[in-house]
Amino acid sequence: MAFGEQIQIKTRREIELMREAARNVAEILLELRGLVVAGVSTAELDQHAARAIEERGVESSFKGYDPGGLPSYPAVLCVSVNDEIVHGIPGSRVLKEGDIVGLDFGVSVEGYHGDSAVTVPVGEIRPEVQKLLDVTRDSLDRGVGAVQAGNRLSDIGHAVQERVEKEEFSVVRTFAGHGIGSKLHEPPWIPNYGAPSRGPRLLPGMVLAIEPMVNAGGPGVRMLDDEWTAVTEDGSLSAHFEHTVLVTEGDPEVLTRIPGSH
Ligand code: MF3
Ligand code: CO
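This section reports on the structure supplied with the text.

Analysis parameters
- Residues numbered from 1 in each chain as written.
- Chains lettered and ligands numbered in written order.
- Predicted model: local features only at pLDDT ≥ 70, side-chain atom pairs only at ≥ 80, totals over all residues.
- Heavy atoms only, no water.
- Core = buried A, V, L, I, M, F, W, Y, C linked by side-chain atoms within 4.5 Å.
- Buried < 20%, exposed > 50% of the residue type's maximum accessible area, 1.4 Å probe, protein only.
- Helix = DSSP H or I, 4+ residues; strand = E, 2+ residues; numbered from the N terminus.
- Contact = heavy atoms within 4.5 Å.
- Donors = N, O, S within 2.8 Å, 3.2 Å for Na, K, Ca; no water.
- Tetrahedral: all angles 85-135°; square planar, octahedral: opposite > 155°, others 65-115°.

1. Looking at the nonpolar core
Formed by 58 residues in total, the largest nonpolar core has its most connected members in L77, L103, F105 and I156. Looking at which element gives the most residues to this core, the answer is helix α1 (residues 12–34), with nine residues. Once residues lying within four places of it in the same chain are set aside, the contact partners of L103 are L29, L32, R33, V36, L45, L77, C78, V79, S116, A117, V118 and V120. Core analysis: the second largest hydrophobic core is formed by twelve residues, V129, L132, L133 and V160 among them.

2. Regarding helix α4 (residues 154–164)
Within α4, nine of the eleven residues are buried, leaving the element largely enclosed by the surrounding structure. Turning to α4, the residues buried within the fold contact α3 (127–145), β6 (170–171), β8 (186–190), β9 (207–210) and β10 (213–215).

3. So, the coordination of the cobalt ion (ligand 2)
Those protein atoms acting as donors to the cobalt ion (ligand 2) are D115 (OD), H178 (NE2), E211 (OE) and E242 (OE), and they sit at 2.1 to 2.2 Å. Note that the cobalt ion (ligand 2) binds six donor atoms; their angles at the metal cover 70 to 168 degrees, and the shape is irregular. One chain supplies every donor for the cobalt ion (ligand 2), spaced along it as D-x62-H-x32-E-x30-E. Here E211, found in the loop between β9 and β10, pairs with E242, found in the loop between β13 (238–240) and β14 (243–246); they are 31 residues apart in sequence, far enough to count as distant. Per residue, the accessibility class of E211 equals that of E242, and both read buried.

4. Describing the pairing of strand β2 (residues 77–81)
For β2, the tally of buried residues reaches five of five residues, placing the bulk of the element in the interior. Alternating positions in β2 separate into two faces, L77, V79 and V81 on one and C78 and S80 on the other, with burial throughout.

This is the structure:
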């Protein structure tokens, strides 16, 4: 994925299916948020998500996902706790008071995907940790705000980075947002940093997954032996928020946003 590759313009039907997928993602994520309490294991969250997928007759976008050269992803949900940045694999880990928990989730409807992530606290968290969540969430909003027809792709990452670096936080460079459609990951690659006014112009009908990952410390990333879980190099906390966004003639349509969601 790179700046040069063609970004698809979705048809009306494709957009309809993506709206549907994204709505399911948002509704299930909202349910999952309610289950994030001390004593729950990350595997239990994944099991709840798998049941919800089953009940609704949609498909997981993540389970079996094969990025090439890695083991395929084994769960329907990514659960990334504390210093885990993204792609944490659910398992026997039990959540405890004061943790922060990234939930990243995607489903498809008739082959078209929606993708969203949110980071939530377990019980009470310290004010500086709440600030990391608030700033990351706000940086996603700034990125979404740059999704205007006629803007250029790099305006998104520029807006994210500008917000994050007002604080003593750093934007992760190793991972990025992405186009989304009949594949979970399509061109373009959407970094969460960079100079403005670069890359292709945004056009109505493009659908973009914007997903800032923000570390409380430095931007460095280390991979765990499971080959999926990315953690901060310095052990600092990390937060992640994501939305699937449609470019329109006017304001962006956040397909994974419903009342009560992030
Ligand atoms: N939102 C994440 C991403 O776009 C979800 C990927 S999980 C995977 O990277 F299993 F599908 F890789
Ligand atoms: Co994504």
